[in-house]
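# Report on the structure
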Amino acid sequence: MLSVSLPVALLIAFAVTQLANVVTTLYLHRTLSHRAMSLSAPLEFVMRTVLWLTIGIDRREWVAVHRKHHVFSDEPQDPHSPIQKGVWHVTFGNVLYYRREADKPETLATYARDLEPDRWERMVFSHGMVGVGLGIALLVVLFGPLTAAVIAVVHTVLYIFLSGCVNGLGHWFGRRAHDNKATNQRWLALLTCGEGMHNEHHEYPRSPYFGSSWWDLGGRLGRMFARFHLAVMHESTRYSRDNDPVPVGG
Ligand SMILES: [Zn+2]
Ligand SMILES: [Zn+2]
């Protein structure tokens, strides 16, 4: 068992959150929700495993809620609009709005109908709590129960807070390079693997890049994976505005 100080435990929690953010932006968001990039089978499996162990989120739910957000951005049907529900409500209560929308069967049926559960989903990855439990057990084995608890709690709070910032602050204040309601916030982009470049993303939702600057760390990372033939960035969508960001098929 490794003995680490509190600052090191906090750094490890930050690293775990960043790992979860990489998977969120590259896999849940750019690959599944918008089909802006593709992952090789091995990399996709690694990302699904990381997702399962670090946040245990259901990929169909995330994709469905997010696609609905694009269709109804800042309109009354938007699952988490700060303009409709209040900026602090969404920033700090994002997880509750997310859960409320994800629990609606019609949302999944409409916005995630192209994501039928495969064998791995049914047997393993749909059991999110088992994954998170295993992730925590791994931390306990590595660092002992107290440090594991600190890492798990800080990671959970930070991940939820940063997601709330993207959905709340990212539709409230910041730079608007393009004429849409979302904003760019570089500090948030640095902490969320590029998700903070939200104005760029809403302008070109089918692009694998959130703008062309290096603040979109996820885009740079995706390009690096592509160089190693682990991903394909669908470059043709890079600078074309697509009015239908919801590739739900049918
Ligand atoms: Zn948005
Ligand atoms: Zn999106």
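The coordinates are above.
Here goes a summary of the coordinates provided. Each chain has its residues counted from 1, following the order in which its sequence is written. As they are written, the chains are lettered A onward and the ligands numbered 1 onward, keeping that order. Since the coordinates come from a predicted model, pLDDT governs what is reported: local features require at least 70, and pairs of side-chain atoms require 80 or more to be given and counted, while whole-chain, interface and lining totals use all residues.

### Focus on the overall build of the protein
Threshold: Think of it this way: any DSSP run of H or I at least four residues long counts as a helix, any run of E at least two long counts as a strand, and we number them from the N terminus. We take the radius of gyration over the C-alpha atoms and set the globule estimate at 2.2 Å times the residue count to the 0.38 power. Placing a C-beta atom from the backbone of each residue, one calls two residues in contact when those atoms lie within 7 Å.
Broken down by element type, the protein carries twelve helices and two strands. For the protein, the N- to C-terminal ordering of α and β elements is α-β-α-α-α-α-α-α-α-α-α-α-α-β. Computed over C-alpha atoms, the radius of gyration of the protein comes to 18 Å, within 12% of the 18 Å expected from 2.2 N^0.38 for 250 residues, which places it in the range of a compact globule. By its C-alpha atoms, the protein is 55 × 40 × 40 Å across when sized along the principal axes. Counting contacts in the protein only where the partners sit at least 6 residues apart, residues at least 24 apart contribute 64% of the total.

### Observations concerning the packing of helix α8 (residues 128-143) against helix α9 (residues 145-167)
Selection rule: Throughout, an axis means a line fitted to C-alpha atoms (over the contacting stretch in the case of helices), and angles, computed between N-to-C directions, take values from 0 to 180 degrees. In these notes the angle categories are as follows: under 35 degrees is roughly parallel, over 145 is roughly antiparallel, 65 to 115 is roughly perpendicular, and the rest is oblique. Whether a crossing is left-handed or right-handed is set by the direction in which the near helix is turned from the far one by less than a right angle, anticlockwise for left-handed and clockwise for right-handed. Note that Gly is not counted as nonpolar here; it falls among the polar residues with everything else outside the nonpolar set of Ala, Val, Leu, Ile, Met, Phe, Trp, Tyr, Cys and Pro and the charged set of Asp, Glu, Lys and Arg.
Contact geometry of α8 with α9 gives a least axis separation of 7 Å together with a crossing angle of 135°. Taken together, the axes of α8 and α9 are oblique relative to one another. The crossing of α8 and α9 is right-handed. Taken together, the residues of α9 that come into contact with α8 (itself represented by I136, L139, V140 and F143) are P145, T147, A148, I151 and A152. Per-class residue counts for the contact of α8 with α9 are eight nonpolar, one polar and no charged.

### Observations concerning the environment of V95
Where we set the bar: In this scheme every C-beta is placed from the backbone, and a residue whose C-beta has 20 or more other C-beta atoms within 10 Å is buried, one with 12 or fewer is exposed, and one in between is partly exposed.
With respect to the helices and strands, the residue V95 is situated in helix α5 (residues 87-102). Under the C-beta neighbour-count criterion, V95 is labelled partly exposed, with 15 such atoms within 10 Å. Taking the C-alpha atoms as reference points, V95 and A177, 82 residues apart in sequence, are found 28 Å from one another.

### Observations concerning the nonpolar core
Selection rule: We call a set of buried Ala, Val, Leu, Ile, Met, Phe, Trp, Tyr and Cys residues a nonpolar core when their C-beta atoms link them within 7 Å.
Residues V23, Y27, M47, L51, V63, I151 and L188 are the most contacted members of the largest nonpolar core, which totals 45 residues. For this core, the secondary structure elements donating two or more residues are α1 (6-33), β1 (37-39), α2 (41-54), α3 (59-71), α5, α8, α9 and α10 (186-191). If one sorts the elements of this core by residue count, α1 sits on top with eight residues.

### Quick look at the packing of α1 against α9
As a packed pair, α1 and α9 sit with axes 8 Å apart at the nearest point and diverge in direction by 45°. By the angle between their axes, α1 is oblique relative to α9. Taken as a pair, α1 and α9 cross one another with a handedness that is right-handed. The residues of α9 that touch α1, namely those facing A9, L10, I12, A13, V16, T17, A20 and N21, are T147, V150, I151, V154, H155, L158, Y159 and L162. Within the contact of α1 with α9, the residues separate by chemical class into twelve nonpolar, four polar and no charged.

### Some details on α3
Threshold: To estimate the expected span of a helix, subtract one from its residue number and multiply by 1.5 Å.
For α3, spanning 13 residues, the distance from its first C-alpha to its last is 18 Å, which sits close to the expected 18 Å at 1.5 Å a residue. Within α3, eleven of the 13 residues are buried, leaving the element largely enclosed by the surrounding structure. Buried within α3 we find R59, R60, E61, W62, V63, A64, V65, H66, R67, K68 and H69.

### With respect to unusual backbone geometry
The phi torsion at R35 lies on the positive side, around 50°, for a residue other than glycine. Within the chain, H229 stands out as a residue other than glycine whose phi angle is a positive 60°. Considering the arrangement of structural elements, one finds H229 in the loop between α12 (217-227) and β2 (231-233). By the C-beta count within 10 Å, which is 9 here, H229 ends up exposed.

### Points about the environment of E203
Mapping E203 onto the fold places it in helix α11 (residues 198-203). Taking the C-alpha atoms as reference points, E203 and N180, separated by 23 residues in sequence, lie 6.9 Å from one another.

### A look at the environment of R175
Among the structural elements, R175 can be located in the loop between α9 and α10. Of the residues examined, R175 has 12 C-beta atoms within 10 Å and is grouped as exposed. With residues up to four places along the chain from it excluded, the contact list for R175 reads T183, N184 and N199.

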